[in-house]
Structure formats: C-alpha cells, structure tokens
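What the coordinates show
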Amino acid sequence: MTTFVLFGGTGDLAKRKIIPALYSAFVNGRLATDFQFIGAAREALSDEVFRARVTNAIETYAKLANGTPEQLAAFLALTSYSKIDARAPADFDALKSRIGTIGNESNASSLFYLAVGPDIFIPVVEQLSKHGLVEGNARVVVEKPLGRDAKSAKEINQALRSYLRENQIYRIDHYLGKEMVQNLLALRFANSFLEPLWNRKWIQDVQISIAEQVGVETRGDFYDKTGALRDMVQNHLLQLVSIVAMEPPVNANPDAIRDEKVKVLRALHKFTPDEVSKKTVRGQYRAGAVDGKPVISYQNEAGVPPSSRAETFVAIRAEIDNWRWGGVPFYLRTGKRMASRCAEITINFKPIPYSIFGKGQGPLRSNRLVITLQPEESVQLFMKAKEPGEGIRLSDVALNLDFAEASSSRRVESYERLLLDALHGDLTLFVRDDELGAAWEWIDPIMHAWENDSEGLKSYIAGSWGPAAASYLLAQHGTAWGEEYVES
Ligand code: NAP
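Calculation criteria
Residues numbered from 1 in each chain as written. Predicted model: local features only at pLDDT ≥ 70, side-chain atom pairs only at ≥ 80, totals over all residues. Heavy atoms only, no water. Phe/Tyr/Trp six-rings, centres within 6.5 Å; stacked < 30°, edge-to-face > 60°. Helix = DSSP H or I, 4+ residues; strand = E, 2+ residues; numbered from the N terminus. Buried < 20%, exposed > 50% of the residue type's maximum accessible area, 1.4 Å probe, protein only. Lys NZ or Arg CZ within 6 Å of the ring centre and 35° of its normal. Near = heavy atom within 4 Å. Polar contact = N/O pair within 3.5 Å; in protein donor to acceptor, adjacent residues only side chain to side chain. Areas by Shrake-Rupley, 256 points an atom, 1.4 Å probe, with all protein chains shown as cover. Nonpolar A, V, L, I, M, F, W, Y, C, P; charged D, E, K, R; others polar. 1 Å grid on protein atoms, 1.4 Å probe; cavity = no way out; pocket = protein on both sides within 12 Å on 5 of 7 lines; lining within 4 Å. Points joined across faces, edges and corners; volume = space filled by probe spheres on them. Salt bridge = Lys/Arg side-chain N within 4 Å of Asp/Glu carboxyl O. Patch = residues over 30% accessible without salt bridge, like charges linked within 9 Å, V, L, I, M, F, W, Y side chains within 5 Å. Pairing = 2+ DSSP bridges. Axes fitted to C-alpha atoms, helices over the stretch in contact; angles between N-to-C directions. Contact = heavy atoms within 4.5 Å.

Taken as a whole, this structure holds 16 aromatic pairs when the rule is applied. Relative to Phe 37, the ring of Phe 4 lies with its centre 5.8 Å away and its plane at 45°, an arrangement referred to as tilted. Here Phe 4 is found in strand β1 (residues 2-7), whereas its partner Phe 37 is found in strand β2 (residues 35-41), with 33 residues between them in sequence. Phe 4 sits in the buried class, given a relative accessible area of 0%. Three or more aromatic residues link up through ring pairs in this structure, and these residues are Phe 4, Tyr 23, Phe 26, Phe 37, Phe 50, Phe 75, Tyr 81 and Tyr 113. It is Arg 333 that lies over the ring of Trp 481; its NZ or CZ is 4.1 Å from the centre. The ring of Phe 382 carries Arg 368 above its face, with NZ or CZ at 3.9 Å from the centroid.

So this is what it looks like as structure tokens:
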C-alpha cells in the first residue's frame, strides 16, 4: 500500500497545485493501484466534505488532466481526511490507525507532504517519528521557505535530521520540476558541441530572469515578511545558476548531480557591504498598469503595511569564483508586477573578434542561446545570417528547438513530476541540505547589507521592467537585458 498524506490539505497550495497534480498523475495511470490519499489539517471535516473540496480543486485547477467522471469518482474513493493539529500528539494516533499496516508490509511506503508553514515542520516530523510513521520507505516533502537565513535554515535542517535520514527529506523547489530545467542537463551533457564553448573563453555573460505579472495576490502578509530575495533568489534563481554553471557530473545519479551543483553555490563570490551597493538593485512597485489594466501599489496591497520596505524586485550581478567562470557576470533578476511573465536563461556568447562586413552593418549582437522556461518552453540559438537579396545585410536567425512539435509525449507539470519522483524515491530534483546551506550563506551578506541601508530601495512602476538602476547595472558594463537590446 502507498499512502500519501497531505498536511495542509485544506490550504491554498494544496488546492491550486498539489491536489491537481496528484489527480493528473492518477488519471494518467501513474499512481500505484493500492494507493490512498489522506488530507490533514486542524479543521474538523468529514471525509465527504473534504472530498467535495478536492472535487472543487480538481474542477478549478486540473482541467488539463481531462479526467472522466468515472476517474474522478475512483480518485475520490481513494481519498479521506484526518483532523490533525500538528501540535496535538494524540491526533497522530488516529492517523496511524488510518495508515494501517504501514511498516508491517514489506512494500508499504508513505509520503508525507508538509504544505504547511515552516513553524509546523518540526512538530509534524517529531510526531510522525514518535508514532513510528517515518521508518523504512517513508519520505517527507517540505515546501519553501526553508529558513529566513543561513542560521535558521541550519536549525531546521538539524531538527529534520534528528528524526529523518537525509535521503528521506525531499526539499521541493518547483522550478527544478520544469521540463526545461531537465532539458538543460540533456542539452549540456548529451551534446558535444556546447561543452567546449561553455566557459569564460566563449561566454560574455549569463542572464537569468524570472518575471511575474502578478502582485502578491492574497499572500501580502507572508510576502512582506519574506521579500523577493528570500522568496525567489535564494531558491529558484540560485538553483538555475547551479544547473547552468555546474561541472559535468560523473553520472546522472541524484548525489552526483547535487555534488556538482553545491560546488557552484559554494563558489559564488560573497559580497562585501560595498559590493552589495554596487552589484545589487532592489525595488518595490508603485501603482501602474499591467497588460493595460490599472493595478495598485505594493504598499496598498492587502496585508502589506503602508510603510513597507520589502523588495518586490531584485537584480544582481553575481560572479562565480572558479576556473570555468572567473570574470563572467551572471545577471539575475526577478520581480512582481513586471511588464510580462517569463522565465528565461540567456547565454550571451562573446562577440566575433573582427567583422569583415564593414561598418555599414553596425555592431553585431553576438550569438546567444535563449532557454525559455515560461510561458512556453523553448530553446533558441540565435545566429547571424545573410538576409536574402542583393549585397550582404546580416540579421539574427534563430535555430529553434520546438519541443511541443518535436515530441508527442504528454507534458507533465512540475508539481506532478516532483510528486511522482518523491513517490518513486528519486531525489535528483530535490535540494540537498548542503545546497540549501550554501545558497543561504551567499544570500546572508546581501540581506544584512540591505538591512543596514535605508536608502537603497528604489521604486518602479507596475508593468515596467523594474527600476532604472537595474538597467544601469548592466549598462555600465556595456550590456543590456534581453528586452532592452537595440540592434543598430
Ligand atoms: P495556507 O493556505 O495558509 O494553508 C495552510 C494549511 O496548513 C491549511 O490547510 C491549514 O489548515 C494547515 N495548518 C495550519 N496550522 C496547522 C497546524 N497547527 N496543524 C495542522 N495543519 C495546520 O498556506 P499555503 O499558501 O497553502 O502554504 C503552505 C506552505 O506552502 C507554506 O509554507 C507556504 O510558504 C508554502 N508555499 C505556498 C505557495 C502558494 O502558492 N500558496 C507556494 C510555495 C510555497 P487549518 O488551519 O485547518 O489547520
């Protein structure tokens, strides 16, 4: 029997992401036949009421799963609810008897997904351990945020490790579940022509942007205590950096890959306070318009104090101190209420040493590889080619890898992929404790410098690409963000 227990089963994340992902896996025949799903939270709900909520979540957020009414009924038959307050040890007795024979069957396994606030992780894991529920094959998935700084992340990791082995802990970063992130591994390590170019000799800079059009939605209170640096840079952006910049692992096993990723995170150049002021930009959005619709300022969002200093935008010129990347800037950027929604990695190659085509052509933008994760997935290699017609006039032509056309396989959303990996015990796309620690250690000096600098927060108009200072961060080095680049 495989048991999936969702703590926080009545919460926002459960409703929007986890339950739809689980249902999609079920509809596509990816769950074991002897599977049960138990939702858990403090609210007193009957199984029937919980099933009604699950139905609602599926009807609203799992349209792409295309399940039939019979499949929905079959999924609901596997679904039940357990009222549990994480801080009430006796509540776990009922869970234990519901899980039943776990630990007695040789092939029994259980996955506990903690979609609850981080303050509840340890009470839950402690009770699971005391009730004998995390022995054998049991695994625990923990959601971000894992800590607020290096110290608190270390404390959470140590506490988790006092009840669980490291290989039972699945720290989720849903960016790692995106098809294109894994494709990046394939692109880099299954093709021969890129590797010789993938270094400081041929690469001018790397740009990674995750831009959102949404504001803080219903999570203003949470966001204001977190900010973009903790919410996006510490996890998603640094995970993408580590995959772009890692050395070839000895094989594709989870620890071989994670061994190489952590080396990149450790090699990130840690900023002095002076470097923080020169190499980072933080901003907060004012009222503006997104997609032609007026939107309010961050400080007027529900749950946000009117005098908030939280950053909703970050841009950083990061550097990796090693032989492959020494001197190559990694420009990282993320923000809310940006001009468009996109997640993109651009590898800008060095310019040609000399142009034989004369001045009439203007400066040539060098070759670039653009890996788009969102809204659509694609890889484009921009080359120069001659425009048809008389004389030689050069223009950019993209060699396009269109995955939707190239493969008829079903697209698997990141939460579904990661859930299935956790159910199958594959840790490759989950973050190891040392990766988490190294990421926080790089973030800490930036956070501390910002705390001591009351002037540094810039404002930007909602619906723009962030504060002007973010453009200057690149312009002073003679370059520009992708959308700003004007070919003369
Ligand atoms: P939420 O909507 O506030 O849901 C919290 C869930 O935890 C509810 O089901 C709540 O139900 C349950 N809960 C709270 N205290 C509990 C306790 N003492 N014992 C047992 N259950 C308890 O929060 P959320 O947005 O789903 O976020 C959950 C976690 O995922 C957070 O760590 C968040 O940072 C992370 N996360 C969320 C998102 C997102 O988009 N929502 C994205 C990434 C990460 P009861 O109140 O009935 O107990």
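The next subject is the site of the ligand. Within the structure, the ligand sits among 23 residues, and Thr 10, Asp 12, Leu 13, Arg 16 and Arg 42 are positioned closest to it. One nitrogen or oxygen atom from the side chain of Arg 16 is found 2.6 Å from an oxygen atom belonging to the ligand. Taken by itself the ligand offers 870 Å² of open surface, and the protein chains cover 79% of this. Of the residues forming the shell around the ligand, the biggest block, three residues, is contributed by helix α1 (residues 12-27). Class assignment for the residues of the shell around the ligand results in 10 nonpolar, five polar and eight charged.

The final tally for this structure, using the stated rule, is two cavities of 30 Å³ or more. The volume enclosed by the largest cavity comes to roughly 130 Å³. In terms of lining residues, the largest cavity is bounded by 16 residues, among which Ile 172, Asp 173, Asn 235, Val 431 and Leu 436 are the most central. Sorting the residues of the lining of the largest cavity by element identifies α8 (220-245) and α13 (433-451) as the ones contributing at least two each. Considering each element in turn, the lining of the largest cavity owes the most residues, four residues, to α8. Residues that form the lining of the largest cavity fall into these classes: seven nonpolar, four polar and five charged. Reported here for the second largest cavity is a volume of approximately 30 Å³. In terms of lining residues, the second largest cavity is bounded by Leu 176, Leu 185, Ile 243, Ile 257, Lys 261, Thr 428 and Leu 429.

With that settled, the discussion passes to the pattern of salt bridges. By the definition in use, this model includes 33 salt bridges. Put simply, Glu 155 and Lys 151 hold a salt bridge, and the shortest N to O gap is 3.2 Å. With Glu 155 and Lys 151 both in helix α6 (residues 150-161) and four residues apart, the pair spans about one turn of that helix. One salt-bridge network, held together by shared partners, links Asp 255, Arg 258, Asp 259, Arg 266, Arg 432 and Asp 434.

For the rest of this paragraph, the subject is a nonpolar patch on the surface. Taken together, the side chains of Tyr 354, Ile 356, Phe 357 and Ile 392 define a hydrophobic patch exposed on the protein surface, amounting to about 480 Å² of accessible area. Summarising the element assignment, Tyr 354 is placed in the loop between β13 (342-349) and β14 (368-374). Of the residues examined, Tyr 354 reaches a relative accessible area of 64% and is grouped as exposed.

A sheet is described by the order of its strands in space; here six strands give the open sequence β3-β2-β1-β4-β5-β6, paired in parallel fashion. Two strands close off the open sheet at either side, each with one partner strand: β3 (79-83) and β6 (169-171). Strand after strand, the sheet turns through a mean of 20° between neighbouring axes, direction not considered. Inspection of the sheet shows β1 paired to strand β4 (residues 109-114) by six bridges, in the parallel sense. Its bridge partner lying in β4, Leu 6 is registered against Tyr 113. Across the sheet, α1 is in contact with β1, β2 and β4; its angle to β1 comes to roughly 175°.

This paragraph deals with the environment of Leu 369. Following the sequence through the fold, Leu 369 ends up in strand β14. Leu 369 sits in the buried class, given a relative accessible area of 4%. In the structure, Leu 369 is positioned 304 residues away from Ala 65 in sequence and 32 Å away in space, judged by C-alpha atoms. Residues in contact with Leu 369, not counting those within four places in the same chain, are Leu 187, Trp 198, Ile 345, Thr 346, Ile 347, Phe 349, Val 379, Gln 380 and Leu 381.

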